[in-house]
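Chain residues, written in single-letter form:
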Amino acid sequence: MATNEGLMEKIVSLCKRRGFVYQGSEIYGGLAGTWDYGPLGVALKKNIENLWWKRFVLDREDVYGVDAAILMNQEVWKASGHVGGFNDPMVECQKCKHRFREDHLEDKEKCPDCGGKLGAARQFNMMFKTQIGAMEDETSVSYLRPETAQGIFVNFKNILDTFHPKLPFGIAQIGKAFRNEIAPRDFIFRVRELEQMEIEYFVRESEWKKHFDYFLDQQTAFLEQDLGLTKSKIHPVDVPAEDRAHYSKHSIDTEFDFPIGQKELLGLAYRTDYDLGAHTKASGTDLSYYDEEAKERFVPHVIEPTFGVGRLLLAVLSDAYAEDEQNGETRVFLKFKPSVAPVKAAVFPLLKNKPELVAYAREVYQNLKRDIPQIMWDDNGNVGKRYRRQDEIGTPFCITIDFDTLGETPEMKDTVTVRDRDTGEQERVVVAELSSYVQRKIAG
Ligand code: GAP
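Residues numbered from 1 in each chain as written. Predicted model: local features only at pLDDT ≥ 70, side-chain atom pairs only at ≥ 80, totals over all residues. Heavy atoms only, no water.

## Considering the overall build of the protein
As a reminder, the rule being used: Think of it this way: any DSSP run of H or I at least four residues long counts as a helix, any run of E at least two long counts as a strand, and we number them from the N terminus. For every residue, the accessible area obtained with a 1.4 Å probe (protein chains only) is divided by the maximum for its type, and the residue is called buried under 20%, exposed over 50%, and partly exposed between those limits. Each accessible area is a Shrake-Rupley result for a 1.4 Å probe, and residues are judged covered by the shown protein chains and nothing else. Counting rule for charge: Lys and Arg are taken as positive, Asp and Glu as negative, and neither His nor the chain ends is counted. A charge is said to be at NZ when it belongs to Lys, at CZ for Arg, at CG for Asp and at CD for Glu.
When you go through the protein residue by residue, the secondary structure sums to 13 helices and 24 strands. Projected onto the principal axes, the alpha-carbon positions of the protein cover approximately 80 × 65 × 50 Å. Taken over 444 residues, the protein has a buried fraction of 52%. By element, 49% of the accessible surface of the protein is carried by carbon and sulfur atoms, the whole surface being about 21200 Å². Between the centroid of the 59 positive side chains of the protein and the centroid of its 72 negative side chains there is a distance of 3 Å.

Here's what the structure looks like:
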């Protein structure tokens, strides 16, 4: 797919203007590779995370959730191979001193910024190093975790001992990860502080392929059914051996048609018994599993579905972005699936200077908000302006309380107008049925 820089610019600008995503540390000129989520961005992010948690944890009996510490004993990262192997090839321009990831450059000799000559590539470790406590020596070194996965592996024995799960089973986690990317770019696509949603699914070695294929289907189902992403923009791609992470024997990345082109959205890896084996050896703690029926002890193998929250959010935003012509004007709207939309419905009094309309609308708003918390009150400007504002943040339903609601047309008393974001069509709904009407629509 061709890149669409114009679309990316429109999304970045909309995100700032409407409170989805702001530049990190903006008042100090920013900090490269960091972004702050505003009220609507947080709501959208939480919806994505909750849908993920529902599909992969709550709706299942075989996946256990954890929330491990970001800071871990440095031995974890030595054993996992990240101290030695979590590197990207970096090149520096001999003239302007700018640094680049060599594998992202088409011309490996010439600086893309000034045309100067690039030096030889060297390996750059992407972990953020820090000191724990007041002493600054080798024993106090720690790292901000570059993947949430290791917080799962170090808790494998805890889950075995406290829940006694039978194989196959999984452990899931949502949390922050940090990577000192050489060249963060493309808005929230490549950042230095990110959020991941990961499952380590423990299986018998002989069954790895069956579970791998199953989770590939589940990843696609999550994208299409839960997030409502366009099917034709989703591309599973086999990762060749030379591009795979150091722990993976087989990987399939799911790429997506972003405005910046077809790029990695999420991943699936067969991590074998690499991590549990390495931690057993390094920690001296036995991380094997005893199968009571087969009377057999072994180290389980692992299938790892991994998702980047920021990239999912960018995929959802770019897929939802739409423009059309209404009343001779260009209308911008985000056609989110209602279950993903940060605001499910907005409630308006037709006029804000009519106390009887405002009082009725307030009551509708409060009653609806009790059942569906993501409801917004809007009485600013005329109804047309409110529609535009709500369209731009992707609110699927706008509810207007007008004089007919109050009984001006007797047969319309206690009904409201519900306007659909995508079609602009309006329906009259009885107030007593409004909550179940909106909930039905959100559920799809
Ligand atoms: N535990 C496996 C793992 O971390 P990964 O492919 O390095 O695998 C998983 O990362 C996902 O995390 C990616 O598919 C992507 O969605 C997200 N991700 C990784 N690095 C990122 C970055 N610098 N900025 C934004 N998202 C990133």
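Moving on from the coordinates now.
## Quick notes on the site of the ligand
Defined as follows: Near is defined per residue: the residue qualifies when any heavy atom it owns lies within 4 Å of the molecule or strand. Residues adjacent in sequence count toward polar contacts only when both atoms are side-chain atoms; beyond that, a polar contact is any pair of N or O atoms within 3.5 Å, and within protein one must be able to donate a hydrogen and the other to accept it. In this count, Pro and Cys sit with the nonpolar residues alongside Ala, Val, Leu, Ile, Met, Phe, Trp and Tyr, while Asp, Glu, Lys and Arg are called charged and the others, Gly among them, polar.
Glu147, Arg179, Glu181, Glu198 and Glu264 are the nearest of the 20 residues found near the ligand. Contacts to the ligand include valine 191, whose backbone N or O atom sits 2.9 Å from a nitrogen atom. Between the ligand and the protein, one listed contact pairs an oxygen atom with a side-chain N or O atom of glutamine 196 at 3.0 Å. Look at the ligand: alone it shows 550 Å² of surface, and the protein chains cover 90% of it. Going through the elements one at a time, β11 (193-203), β14 (261-272) and β17 (301-308) are the ones with two or more residues in the shell around the ligand. A breakdown of the residues in the shell around the ligand according to their chemical character gives seven nonpolar, four polar and nine charged.

## Let's talk about the pairing of strand β10 (residues 169-178)
In plain terms, the rule: Only strands joined by at least two bridges in the DSSP assignment are considered to pair.
Most of β10 is tucked away: nine of the 10 residues are buried. With three bridges connecting them, strand β3 (residues 63-65) and β10 associate as parallel partners. Opposite glycine 65, over in β10, you have alanine 172 as the bridge partner. Pairing geometry for β10 and β11, over 10 bridges, is antiparallel.

## Topic: the sheet that holds β17
Going by this rule: Fitted lines through C-alpha atoms give the axes, limited to the stretch in contact for helices. The angle between two N-to-C directions lies from 0 to 180 degrees.
Pairing is mixed across the open sheet formed by seven strands, whose spatial order is β3-β10-β11-β17-β14-β13-β12. The open sheet is flanked by β3 and β12 (234-238), the only strands paired with a single partner. Here the strands of the sheet are splayed against their neighbours by 25 degrees on average, with no regard to which way each runs. Pairing analysis gives six bridges linking β14 to β17, with the strands arranged antiparallel. Bridge pairing in β17 links tyrosine 270 to isoleucine 303.

## Side note on the domain arrangement of the protein
To be explicit about the condition: An automatic or database domain assignment is the source of the domain bounds shown. In this analysis, two residues are considered to be in contact whenever any of their non-hydrogen atoms come within 4.5 Å of each other. Two parts placed together each lose some accessible area under a 1.4 Å probe, and adding up what both lose gives the buried area. For this analysis, a salt bridge means a side-chain nitrogen from Lys or Arg found within 4 Å of a carboxyl oxygen belonging to Asp or Glu.
Splitting the protein by domain gives domain 1 (5-75 + 146-318) and domain 2 (343-443). Of the residues lining the interface, seven residues belong to domain 1; the matching set on domain 2 comes to six residues. For the pair domain 1 and domain 2, the summed buried area comes to about 560 Å², and 46% of that belongs to carbon and sulfur atoms. Its largest share of buried area at the contact with domain 2, domain 1 owes to Arg18, Leu40 and Asn47, together 67% of the area lost on that side. Viewed at the interface, domain 2 and domain 1 are joined by two salt bridges. Glutamate 392 serves as the salt-bridge partner of arginine 17, at 2.3 Å between the closest nitrogen and oxygen. Ranked by residues supplied to the side of domain 1 that touches domain 2, first place goes to helix α2 (residues 39-58) with three residues.

## Notes on the environment of threonine 254
Tracing the backbone through its elements, the reader meets threonine 254 in strand β13 (residues 250-258). Each C-alpha atom of the pair threonine 254 and arginine 311 lies 11 Å from the other, and the pair is 57 residues apart in sequence. Not counting the four nearest positions on each side in its chain, threonine 254 is found in contact with Leu216, Gln219, Leu223, Ile234, His235, Pro236, Lys263, Glu264, Leu265 and Leu266.

## Looking at the nonpolar core
Threshold: Nonpolar core, defined: a set of buried Ala, Val, Leu, Ile, Met, Phe, Trp, Tyr and Cys residues in which side-chain atoms within 4.5 Å join the residues together.
Counting 58 residues, the largest nonpolar core has Phe20, Phe222, Leu227 and Leu312 as the members making the most contacts within it. The contacts of phenylalanine 222, once residues within four sequence positions are left out, are Ile48, Leu51, Trp52, Arg55, Phe56, Leu227, Phe307 and Leu312. Residues Ala345, Leu357, Val418 and Val429 belong to the second largest nonpolar core, which totals 21 residues.

## Here we look at the pattern of salt bridges
With the rule as written, the count across this model stands at 33 salt bridges. The partner of arginine 101 in a salt bridge is aspartate 103, and the shortest N-O contact between them spans 2.7 Å. The class for arginine 101 is buried, based on a relative accessible area of 12%. Two residues, arginine 419 and aspartate 391, come together in a salt bridge whose shortest N-O distance is 2.8 Å. With a gap of 28 residues between them, arginine 419 in strand β23 (residues 415-420) and aspartate 391 in helix α11 (residues 383-392) connect regions that are remote in the sequence.

## Some details on the layout of surface pockets
Over the atoms, a rolling probe the size of a water molecule traces out where space has been left empty. Note the following rule: Lining residues are those with an atom within 4 Å of a point, where the points come from a 1 Å grid over the protein atoms alone and group into cavities, where a 1.4 Å probe fits but cannot get out, or pockets, open sets with protein on both sides within 12 Å along at least five of seven lines. Grid points are joined across faces, edges and corners, and a volume is the space filled by probe spheres set on the points.
Its boundaries defined by the atoms lining it, the second largest pocket holds a volume of some 290 Å³. Lining of the second largest pocket is provided by 14 residues; of these, Leu160, His164, Tyr289, Tyr290 and Glu292 occupy positions nearest its centre. Elements that contribute at least two residues to the lining of the second largest pocket include exactly α6 (156-163) and β15 (289-291). Of all the elements, α6 adds the most residues to the lining of the second largest pocket, at four residues.

## Topic: the packing of aromatic side chains
The description of an aromatic ring pair rests on the distance of the ring centres and on the angle between the ring planes. Test applied: Each Phe, Tyr or Trp ring (for Trp, its six-membered ring) is paired with any other whose centre lies within 6.5 Å, and the angle between the two planes then decides the class: stacked below 30 degrees, edge-to-face above 60, tilted in between. By definition, being over a ring means that NZ of Lys or CZ of Arg is both within 6 Å of the ring centre and within 35 degrees of the ring normal.
Per the stated rule, a full pass over the model turns up 22 aromatic pairs. Considering the side-chain rings of tryptophan 52 and tryptophan 53, the 6.3 Å spacing of their centres and the 40 degrees angle between planes classify their relative orientation as tilted. Residue classification places tryptophan 53 among the partly exposed residues on the basis of a relative accessible area of 24%. Ring pairs connect the aromatic residues Tyr64, Phe153, Phe156, Phe163, Phe169 and Phe202, which therefore count as one cluster. Directly above the aromatic system of tyrosine 247 lies the positively charged group of arginine 271, at a separation of 3.4 Å from the ring centroid.

## A short note on the sheet that holds strand β7 (residues 122-125)
The strand order across the open sheet built from three strands is β6-β5-β7, with neighbouring strands paired in antiparallel fashion. A single partner strand is all that each edge strand has here, and the edge strands are β6 (99-101) and β7. With strand direction ignored, the average angle separating the axes of adjacent strands in the sheet is 50 degrees. Note: strand β5 (residues 87-92) against β7, four bridges, orientation antiparallel. For methionine 90, the partnering residue across the bridge sits in β7 and is arginine 122.

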